[in-house]
Amino acid sequence: MTGPFSPDSAPVRLDRDGFCVIRNLLPANQIDAIDCSLDYDFAATPYCVGDFFGERTKRFGRLLTRAPATRALVMHDAILALAQSVLSPNCDRIALNLTQAVEIHPGALAQYPHRDHDLWPAIKGGHQFQVNVMWPLSPFTEANGATRFWPGSHRLTYDGDVSESAAIAATCEPGDALVWLGGTLHGAGANVSDDLRRGIIVSYCLGWLKPFELQWLVYPPEVARHFDPDLAALVGYAQHRPNLGNVEGRCPSYLLAGKRPDHVAAVDALRPDQADALRTYVQTQRGEG
Ligand SMILES: O=C(O)CCC(=O)C(=O)O
Ligand SMILES: [Fe+2]
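Residues numbered from 1 in each chain as written. Chains lettered and ligands numbered in written order. Predicted model: local features only at pLDDT ≥ 70, side-chain atom pairs only at ≥ 80, totals over all residues. Heavy atoms only, no water.

What follows covers a nonpolar patch on the surface. Among the surface-exposed residues, F52, F53, Y112, L119 and F212 lie close enough to one another that they form a single nonpolar patch of about 500 Å² accessible area. Locating L119 in the fold gives a position in the loop between β3 (94-104) and β4 (130-136). Judged by relative accessible area, which is 42%, L119 ranks as partly exposed. (Patch = residues over 30% accessible without salt bridge, like charges linked within 9 Å, V, L, I, M, F, W, Y side chains within 5 Å. Areas by Shrake-Rupley, 256 points an atom, 1.4 Å probe, with all protein chains shown as cover. Salt bridge = Lys/Arg side-chain N within 4 Å of Asp/Glu carboxyl O. Helix = DSSP H or I, 4+ residues; strand = E, 2+ residues; numbered from the N terminus. Buried < 20%, exposed > 50% of the residue type's maximum accessible area, 1.4 Å probe, protein only.)

This is the structure:
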């Protein structure tokens, strides 16, 4: 990722370090409004269970329903373009992997340093699987548990320092976006302050992967039919050519139209290069070649 980008641009920093903070992508008051709209959900949600999520933290998903204004985060033009630039070379379309609100309470321990792409037990190294974005809802400081990163750890050949002292806390403010690759070693910091640290994670992945949060279950057709078509496609109401992610051999977007016929023809969804190759094969058999 060089060429058209300046050395301090987000794509260059993401490629070099495995993470970057992009400042002032949205007005702070827009983020504050989303933050306030989640107060009830944070209060009503019990603490997480388990050593990965962390016992002094709260998390919940399904944010596009709980706080529809999060659409502006999920569909942010610059973020989508960045995610696509990383992922599109290795998929037909990208997909929404999860939305998750995270609240780190005072006393929370540092999260286990991890690579998010280890969700998928595939051989890694050829390309990235995932691009994640943290939208801070409160200022992220070293004291309240700002996400920590090991710069360069997204590289296959990384054999650098993975000690605690090599981590960098990505301090940032509401309105900023903290972006990292699925291959980057990271984790929430310990919250040694008296304040809550709140944020929203929006994660994008290669469109052929099983998402962390099953998007088409959290946004069933009766919900997704109220989304714009591009958002509906991102949450799974679109096939990944060739023919992956269908319902009855059809693009699942037909479920959004309301009627659901019992019998429909299965229709190929092929990339143009695949359609051309198959047409040639069929025409040869018909003697049309
Ligand atoms: O809350 C954070 O700072 C990071 C959370 C995280 O990395 C995760 O849950 O996978
Ligand atoms: Fe993570």
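When you tally the buried positions in strand β9 (residues 197-206), you get ten out of ten residues, the bulk of the element. For β4 and β9, the ladder comprises seven bridges, and the chain directions are antiparallel. Paired with Q130 across the two strands is C205, which belongs to β9. (Pairing = 2+ DSSP bridges.)

Here we come to the side chain of S9. Position of S9 among the secondary structure elements: in the segment before α1 (10-17). From its side chain, S9 meets the backbone oxygen of S6 in a polar contact 2.9 Å long. (Polar contact = N/O pair within 3.5 Å; in protein donor to acceptor, adjacent residues only side chain to side chain.)

Attention now moves to the site of ligand 1. Around ligand 1 sit F52, R59, V102, Q111, H114, D116, M134, T147, H186, A188, R197 and I201, and that is every residue in its neighbourhood. Across the shell around ligand 1, the residue classes break down as five nonpolar, four polar and three charged. (Near = heavy atom within 4 Å. Nonpolar A, V, L, I, M, F, W, Y, C, P; charged D, E, K, R; others polar.)

Here we take up the pattern of salt bridges. Applying the stated rule across the entire model yields 13 salt bridges. Taking the shortest distance from any N to any O, the salt bridge between R71 and D228 comes out at 2.6 Å. Placement of the pair is R71 in helix α5 (residues 71-74) and D228 in the loop between α8 (221-224) and α9 (229-234), with a sequence separation of 157 residues. With its nearest N and O atoms 3.5 Å apart, the salt bridge here joins R71 to D230. Within this pair, whereas R71 is found in helix α5, its partner D230 is found in helix α9, the two being separated by 159 residues in sequence. Exposure remark for D230: the relative accessible area of 44% places this residue in the partly exposed category. Shared partners join several salt bridges into a network, and the residues in it are D35, D39, E103 and R198.

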